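Structure at a glance
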Amino acid sequence: MSTHRDRLRQAMGDKVQFVQGDDACAYGAILAGCTFFAGYPITPATEVAERMAEILPKIEGCYIQMEDEIASMGAIVGASWTGVKTMTATSGPGFSLMQENLGYAIMTETPCVIVNVQRSGPSTGQPTLGAYGDMMQARWGTHGDHEIIMLCPASVQEAMELTIVAFNLAEAYRTPVLVFIDGELGHMRERLVIPEDDEFELVERTCATSREGYRPFAAGENLVPAFAPFGAGFRTYVTGLTHNEAGLPRSASAPIHDQLVRRLADKILRNTDQIIRYEEFGAEECEIAIIAYGITARACRDVVEEGRQRGLKVGLLRLITIWPFPDEVVARWAARVQAILVPEMNLGQIVHPIREAVAGRCPVMLQSKIGGELHTPTELSEALEELRCQVC
Amino acid sequence: MHVIELNEHWCKGCRVCVFHCPTRSLRIASRFTMRGIHPPELVEAERCNGCRLCELLCPDFAITVMEAVSVNA
Amino acid sequence: MSGLLKLKTAAELRQTYLRHEMFPTIFCDGCGLGNVLNYTLWALDELQLDLDRTVFVSGIGCSSRLSGYVNADGMHTTHGRALAFASGIKAAQPDLNVIVFTGDGDGSGIGGNHLLHTIRRNMDLTVILVNNFTYGMTGGQAAPTTPIDSFSTTTPYGNIEYPLDICALAQTLGAPYVARWMINQPYPPIKSIAQGIQKRGFALIEMLVPCPTAYGRRNGLKQLETIWQWYREHTILIDDYEHIMHFGSPEERAALHDTIKIGVFQDCERESFEARWATLVEQVKL
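Reading the values: rules and limits
- Residues numbered from 1 in each chain as written.
- Chains lettered and ligands numbered in written order.
- Predicted model: local features only at pLDDT ≥ 70, side-chain atom pairs only at ≥ 80, totals over all residues.
- Heavy atoms only, no water.
- Helix = DSSP H or I, 4+ residues; strand = E, 2+ residues; numbered from the N terminus.
- Rg over C-alpha atoms; globule rule 2.2 N^0.38 Å.
- Buried < 20%, exposed > 50% of the residue type's maximum accessible area, 1.4 Å probe, protein only.
- pLDDT = per-residue confidence, 0-100.
- Axes fitted to C-alpha atoms, helices over the stretch in contact; angles between N-to-C directions.
- Parallel < 35°, antiparallel > 145°, perpendicular 65-115°, else oblique.
- Left-handed = near helix turned anticlockwise from the far one by under 90°.
- Contact = heavy atoms within 4.5 Å.
- Nonpolar A, V, L, I, M, F, W, Y, C, P; charged D, E, K, R; others polar.
- Arc of directions from axis to C-beta.
- Pairing = 2+ DSSP bridges.
- Expected span 1.5 Å × (residues − 1).
- Buried area = accessible area lost by both parts, 1.4 Å probe.
- Salt bridge = Lys/Arg side-chain N within 4 Å of Asp/Glu carboxyl O.
- Polar contact = N/O pair within 3.5 Å; in protein donor to acceptor, adjacent residues only side chain to side chain.
- UniProt positions renumbered as here; feature names shortened; annotations may be inferred.

With that out of the way, let us pick up the overall build of chain C. Scanning chain C from terminus to terminus reveals 12 helices and 10 strands. In terms of overall dimensions, chain C is globule-like: its C-alpha atoms have a radius of gyration of 19 Å, near the 19 Å expected for 286 residues. Dimensions along the principal axes, computed over C-alpha positions, put chain C at roughly 65 × 45 × 40 Å. By the burial criterion, 60% of the 286 residues in chain C qualify as buried.

Quick look at the structure:
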């Protein structure tokens, strides 16, 4: 008699596979217990939907192809309120369309995961090539004050692992979580090892236990309210309007709005130690640091390792959690190094919060590259050398 | 004989009931409710045939038509 | 369902179905949205639907406030997107009854594409679309349903655009249940909403609702009596309409030019998305 977890593994296939980053995101979702996917085809994210469409009926989940990304985002939020784990996947143009209901998910504290396999814009841009042009849209794209959680994997294996983490964070903090990769990583094939269940942790949303006196939007542990799924008799009213702890609209009340929106921000800001992930290479005796994220960080890692072998005092801070921004980590590096290089596959987005965190302690140089090609190790070495000449 | 029970907190005095009453038994009262509106009142209780149209058409669930019960039966 | 409805009293309805903290309603004098709510509740009561297993979903606008008045799980979503959220709920949990309140602007304007595809997919939803010819909550702008030559704040010289016949669209798309009613008569819409809820598949009930404040005021229909009477005079039962069109004189037929047909336009069977998905899962599940 096979268990449900056995069926998941059977549906995904071999334990070791040679697959794309998009596939890895789908596998991560399945391992995390996602049983509902709504999406709309878009290059270079379509393969996430294709994998989900193939796997979900096999495990008695539900795949639904919506009419657009607005509807996809709406459907995963609606489905999440029945108590299931939900995901959608898209690329820049689709992510633009999702902003409206992403804000709704934040306001209504709905756990869900959105994968964005980024391509360059503006507009239709370069559909088949990678870019990191949506980093700021992720932070500020939907209107109003809010915090968001975003993770940036650098490999196919990590795309799967961080998708699991994204579900855990979404469940823990009852908020949408973004997994941001790019067209290169999404379409690149690498070795993927599907982990055993005891090799990773799974988090489930805290559910309300008693209908007596239940207030659906009253802060619970970690400022997160206890969840009551639709159909369980709690009779919850969910609205995107400013609402009180009972969930009822109070859109003209300044104190209720203030209290609600600050709590939504604080439940993320007060738990940054649980949310922020990063990797450090050559942090000790480092004069010039690279701060990078996503696929760009891979070439940086090579350059730093090769540089240190040659005796150069270079290091790499790889940001995994981009939002909430790890400003304390960046500030700590800024206090120790002479200069910071920030390579980005855009015209400069994450360099801004980096500069804010560095606060003038050392020069910060942006190495911007757009057009769909990755930073080469040679380009990065040259930029490091140039920076070294300037400051050392 | 019928009486109407009115929820004065919910009635907004819109007159839908008065306008639709097929026996013309309702009218708008001259008194005010706590909401500052003139509520409907049943003035021709004997003419009211208990059809409940006012109750069914009230957009605010404010009217209930009931059969009057005699206390000295 | 019995032919003769035995309805609970309004007082009993209040007690059983309403979220008292939300009352009184926000609706204006002469607005018919409250009627749509009580007809829906009478229909629920007729069917003895379990409120614990029923979710009310709505978008944005006056009509979309209706979901909040019912003491059940409710989702007041974003403008035009109610059907997308409702589809997610229903697809993930097909055992739930999902009832959508939407408006003409919400459901057929900004949400028009969702309407089209939710019908095409045949999601098992009951959609009560309230048509008041205008965007009421924003103060009376032209909607996709605003009659030609009507005045609104954004058509100050008269509306030049052709209005959308939402029921005709739904019929064409193959919705298994399509009906339109005015609110002046309670029993037909109550019965129709109950039929819609029982229908396995997409059910659309369009309710013509007077809006004296935002629409009527600019179109000579400011008084409650006038605007409610207008609906009596400008609607005709589909059977009567067809009868006159078939047997009537040219003058009698021409007189129907400005009338709006009401009644049940479509009532057929078509397997729903949920049923088809369940069949597929049975075939491929491990």
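Predicted confidence across chain C gives a mean pLDDT of 96, with 98% of residues reaching 70 or more. Model confidence for the complex is summarised by a pTM of 0.97, with the ipTM given as 0.97.

Time to look at the packing of helix 2 (residues 33-47) of chain C against helix 8 (residues 187-198) of chain C. Residues and elements named next belong to chain C. Viewed as axis vectors pointing N to C, helix 2 and helix 8 meet at an angle of 60 degrees, and their least axial separation amounts to 8 Å. Accordingly, the angle class assigned to the pair helix 2 and helix 8 is oblique. Viewed along their axes, helix 2 and helix 8 form a crossing whose handedness is right-handed. Of the residues in helix 8, those touching helix 2 at Tyr39, Thr40, Trp42, Ala43, Leu44 and Leu47 are Pro189, Ile190, Ile193, Ala194, Ile197 and Gln198. Considering only residue class, the contact of helix 2 with helix 8 consists of 10 nonpolar, two polar and no charged.

Next up on the list: unusual backbone geometry. The residue after threonine 43 of chain A, namely proline 44 of chain A, is reached through a cis peptide bond having omega 0 degrees. With respect to the helices and strands, the residue proline 44 of chain A is situated in the loop between strand 2 (34-39) and helix 3 (46-55). Residue proline 122 of chain A is bonded to the preceding glycine 121 of chain A through a cis peptide linkage, with omega at 5 degrees. For proline 122 of chain A, the position within the fold is in the loop between strand 5 (112-120) and strand 6 (126-130). One non-glycine residue, asparagine 122 of chain C, lies in the positive phi region at around 55 degrees. By secondary structure assignment, the location of asparagine 122 of chain C is in the loop between helix 6 (112-121) and strand 4 (126-131). Taking relative accessible area as the criterion, asparagine 122 of chain C reaches 2% and is therefore assigned buried.

Turning our eyes to something else, we now look at helix 1 (residues 10-17) of chain C. Of the residues making up helix 1 of chain C, those classed as buried are Ala10, Ala11, Leu13, Arg14 and Tyr17 of chain C. Summarising the axial view, the buried residues of helix 1 of chain C lie within an arc of 165 degrees, below the 170-degree limit, and thus occupy one face. On its buried face, helix 1 of chain C sits against strand 1 (2-6), helix 2 (53-57) and strand 4 (63-67) of chain B together with helix 2 and helix 3 (66-69) of chain C.

The next point concerns the environment of glycine 220 of chain A. All names here are of chain A. Relative to the helices and strands, glycine 220 is located in the loop between strand 9 (189-193) and strand 10 (237-239). Its relative accessible area of 35% is what places glycine 220 among the partly exposed residues. A sequence separation of 14 residues divides glycine 220 from threonine 206, and the C-alpha atoms of the two residues are 9.2 Å apart.

An order of 10(A)-2(C)-1(C)-3(C)-4(C)-8(C)-7(C)-10(C)-9(C) is seen for the nine strands of this open sheet, with the pairing classed as mixed. Pairing within the sheet leaves two strands with one partner each, and these edge strands are strand 10 of chain A together with strand 9 (235-237) of chain C. In this sheet, adjacent strand axes meet at a mean angle of 20 degrees when their direction is disregarded. Relative to strand 2 (residues 73-76) of chain C, strand 10 of chain A runs parallel, the two being bridged by three bridges. For valine 238 of chain A, the partnering residue across the bridge sits in strand 2 of chain C and is methionine 75 of chain C.

Attention shifts here to helix 2 (residues 21-32) of chain A. The terminal C-alpha atoms of helix 2 of chain A lie 16 Å apart, and with 12 residues this matches the ideal 16 Å at 1.5 Å per residue to within 8%. In terms of burial, helix 2 of chain A is a largely internal element, 12 of the 12 residues being buried.

Glancing now at the interface of chain B and chain C. Contacts between chain B and chain C engage 24 residues on the former and 35 residues on the latter. Summing both sides of the interface, chain B and chain C together bury roughly 2,300 Å²; the carbon and sulfur share of this comes to 61%. Summed over the shared surface of chain B and chain C, the result is two salt bridges. If you look at where chain B meets chain C, you find 10 residue pairs in polar contact (both at pLDDT 80 or more). Ranked by the residues each element gives to the side of chain B that touches chain C, the list is headed by helix 2 of chain B, at four residues.

What follows covers the environment of alanine 203 of chain C. Residue and element names in this part refer to chain C. Looking at where alanine 203 falls in the secondary structure, it is placed in strand 8 (residues 203-208). We classify alanine 203 as buried; its relative accessible area is 0%. Note: C-alpha distance between alanine 203 and histidine 76 (127 residues apart in sequence) is 20 Å.

Looking now at the UniProt feature "domain: Thiamine pyrophosphate enzyme TPP-binding" (unreviewed entry) in chain C. Mapped onto this structure's residue numbering, the UniProt feature "domain: Thiamine pyrophosphate enzyme TPP-binding" (unreviewed entry) falls at residues 60-206 of chain C. Split by type, residues 60-206 of chain C is 35% helix and 21% strand. Its first and last C-alpha atoms lie 17 Å apart.

Okay, the sheet that holds strand 15 (residues 339-344) of chain A next. In any sheet, the strands associate via hydrogen bonds between backbone groups, in a parallel or an antiparallel arrangement. Residue and element names in this part refer to chain A. In spatial order, the strands read 11-13-12-15-16; together these five strands make up an open sheet with mixed pairing. Whereas interior strands pair on both sides, the edge strands pair on one side only; in this sheet they are strand 11 (278-281) and strand 16 (364-368). The average angle at which neighbouring strand axes cross in this sheet is 20 degrees, direction not considered. Each of strand 11, strand 12 (288-293), strand 13 (314-319) and strand 15 is contacted by helix 11 (residues 296-309), which is oriented at about 160 degrees to strand 13, the strand it contacts most.

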